[in-house]
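For reference, the chains in residue letters:
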Amino acid sequence: MTVTVERPASRVALITLNRPQALNALNLETMRELTTAAAELDRSAEVGAIVLTGSDRAFAAGADIKEMASRTFSEMHAEDWFAGWDALTRVRTPLIAAVAGHALGGGCELAMMCDLLLAAESARFGQPEITLGVIPGMGGSQRLTRAIGKAKAMDLILTGRTMRADEAERCGLVSRVVPNEQLRAEAIEVAAKIASMSLVAARTAKEAVNRSFESSLAEGVLFERRVFHALFATEDQKEGMAAFTEKRKPDFRHC
Ligand code: CO8
């Protein structure tokens, strides 16, 4: 198996990329195993947040260059290479990338498919595909530009340079940088916090934020208002607001 799945805390799942000999380079097998594992966890009402991580040395050093090197245009086009990764963007449960070491090419793109990114001080982000005679192929030119703006995205994508964790935080790619040895614990803690909320509300919040990338402001605001109204059909809304007025902690049932 190229990924492992653990349950390190209540309602939290941890998926770890496990191809250390290739710095977690993403091959077809990893794509199938990771998207299958994430989809299974997503179907479980017992999981409220999923952490995706790699090793101390590499989150993932990119798509597997050795697997792609000899392919032709016809093969890449016929197989719609990389389209399978889109399955990860259909996961409705909040996904947290915990990145240490190299997050390059497809590794950076995989992290950007997650909902929030935590970085260890050792994290290095980049889209070095240009140095291989290609360009990002798993969404990097689009997601990186939306995340950090045109100037920085062009800088990284056209020069192939890597960006340290502090620069990634400054430009808004990652939400927090933590000491290397704290990354895993911090990511699990953030996941546990999210997972303690109403799952239906968390999934709806994720959907609403992601909608902002796909719609005009007016459409997005209307979408938000409609799904906000819809949450008044949930038990968790009744419980959350009752708990506030009764000055106690809410006991969400995730429905
Ligand atoms: N693919 C395959 N194997 C890899 C990859 C990779 N992306 N990255 C590292 N490895 C392998 C190395 O080949 C090496 O294996 P071996 O021991 O058998 O030679 C092993 O991992 C360890 O790597 P290094 O010895 O190179 O380790 P270093 O610490 O010296 O260097 C680096 C680490 C800097 C990360 C270096 O390995 C590197 O530059 N890797 C490649 C990074 C890269 O270019 N990534 C982008 C890949 S392309 C991509 O992601 C998207 C392509 C989009 C195409 C669009 C098509 C539709």
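Quick caveat, the model's predicted, so the values are computed rather than measured.

(A) Representation of the side chain of Thr234 in the model. Turning to its location among the elements, Thr234 is positioned in the loop between helix H10 (217-230) and helix H11 (235-245). At 2.7 Å, the side chain of Thr234 forms a polar contact with the backbone oxygen of Leu231. In contact with Thr234, other than residues within four places in its own chain, are Val200 and Cys255.

(B) View of the site of the ligand. Near the ligand, the surroundings consist of 22 residues, among which Ala61, Ala63, Ile65, Lys66 and Gly106 are the closest. At a separation of 3.0 Å, an oxygen atom of the ligand approaches a polar side-chain atom of Arg57. Here Gly106 contributes a backbone N or O atom positioned 2.7 Å from an oxygen atom of the ligand. Alone, the ligand offers 1100 Å² of accessible surface; in the complex the protein occludes 63% of this. Breaking the shell around the ligand down by element, the ones donating at least two residues are helix H2 (65-68) and strand E6 (102-104). Its residues assigned to classes, the shell around the ligand comprises twelve nonpolar, six polar and four charged.

(C) Local environment of the packing of aromatic side chains. For the structure on display, the rule yields two aromatic pairs. Each ring, one from Trp81 and one from Phe82, has its centre 6.4 Å from the other, and the planes form 55°; the classification is tilted. The same class applies to Trp81 as to Phe82, namely buried. Aromatic pair Phe228 and Phe232: ring centres 5.3 Å apart, planes at 70°, arrangement edge-to-face. The ring centre of Phe223 lies 3.9 Å from the NZ or CZ of Arg211, which sits over that ring.

(D) Broad picture of the sheet that holds E6. Taking strand neighbours across the sheet as the criterion, the four strands line up as E4-E6-E8-E9 in an open arrangement whose pairing is mixed. Edge strands, defined here as strands with exactly one partner in the open sheet, are strand E4 (58-60) and strand E9 (162-164). In this sheet, neighbouring strand axes are inclined to one another by 20° on average, regardless of whether the strands run parallel or antiparallel.

Parameters and conventions
- Residue positions are given per chain, counted from 1 along the sequence in the order it is written.
- In keeping with the model being predicted, local features are shown solely for residues with a pLDDT of at least 70 and side-chain atom pairs are shown and tallied solely at 80 or more, while totals for entire chains, interfaces and linings include all residues.
- The basis for every side-chain value is the complete set of heavy atoms in the structure, and neither hydrogens nor water enter the calculation.
- Think of it this way: any DSSP run of H or I at least four residues long counts as a helix, any run of E at least two long counts as a strand, and we number them from the N terminus.
- Definition of a polar contact: a pair of N or O atoms within 3.5 Å, with one able to donate and the other able to accept a hydrogen when the atoms are protein atoms, and with sequence-neighbouring residues admitted only if both atoms are side-chain atoms.
- Two residues form a contact once any of their heavy atoms are found within 4.5 Å.
- If a single non-hydrogen atom of a residue is within 4 Å of a molecule or strand, that residue counts as near it.
- Accessible surface is estimated by sampling points in the Shrake-Rupley manner with a 1.4 Å probe; for residues, cover comes only from the protein chains shown.
- Residue type decides the class: Asp, Glu, Lys and Arg count as charged, Ala, Val, Leu, Ile, Met, Phe, Trp, Tyr, Cys and Pro as nonpolar, and the leftover types, Gly among them, as polar.
- Only the six-membered ring of Trp is used, alongside the rings of Phe and Tyr, when aromatic pairs are assigned; centres must lie within 6.5 Å, and planes under 30 degrees apart are stacked while those over 60 apart are edge-to-face, with the rest tilted.
- Accessible area is worked out with a 1.4 Å probe on protein chains only. A residue is then buried under 20% of its type maximum, exposed over 50%, and partly exposed in between.
- Only Lys NZ and Arg CZ are tested; either one counts as a charge over a ring when it is within 6 Å of the ring centre and within 35 degrees of the ring normal.
- Strand pairing is defined by DSSP finding a minimum of two bridges between the two strands.
- For every element, the axis is a line fit to its C-alpha atoms; helices are fit only across the contacting stretch, and the angle between N-to-C directions ranges from 0 to 180 degrees.

By themselves, these figures tell us nothing about what the structure is for.
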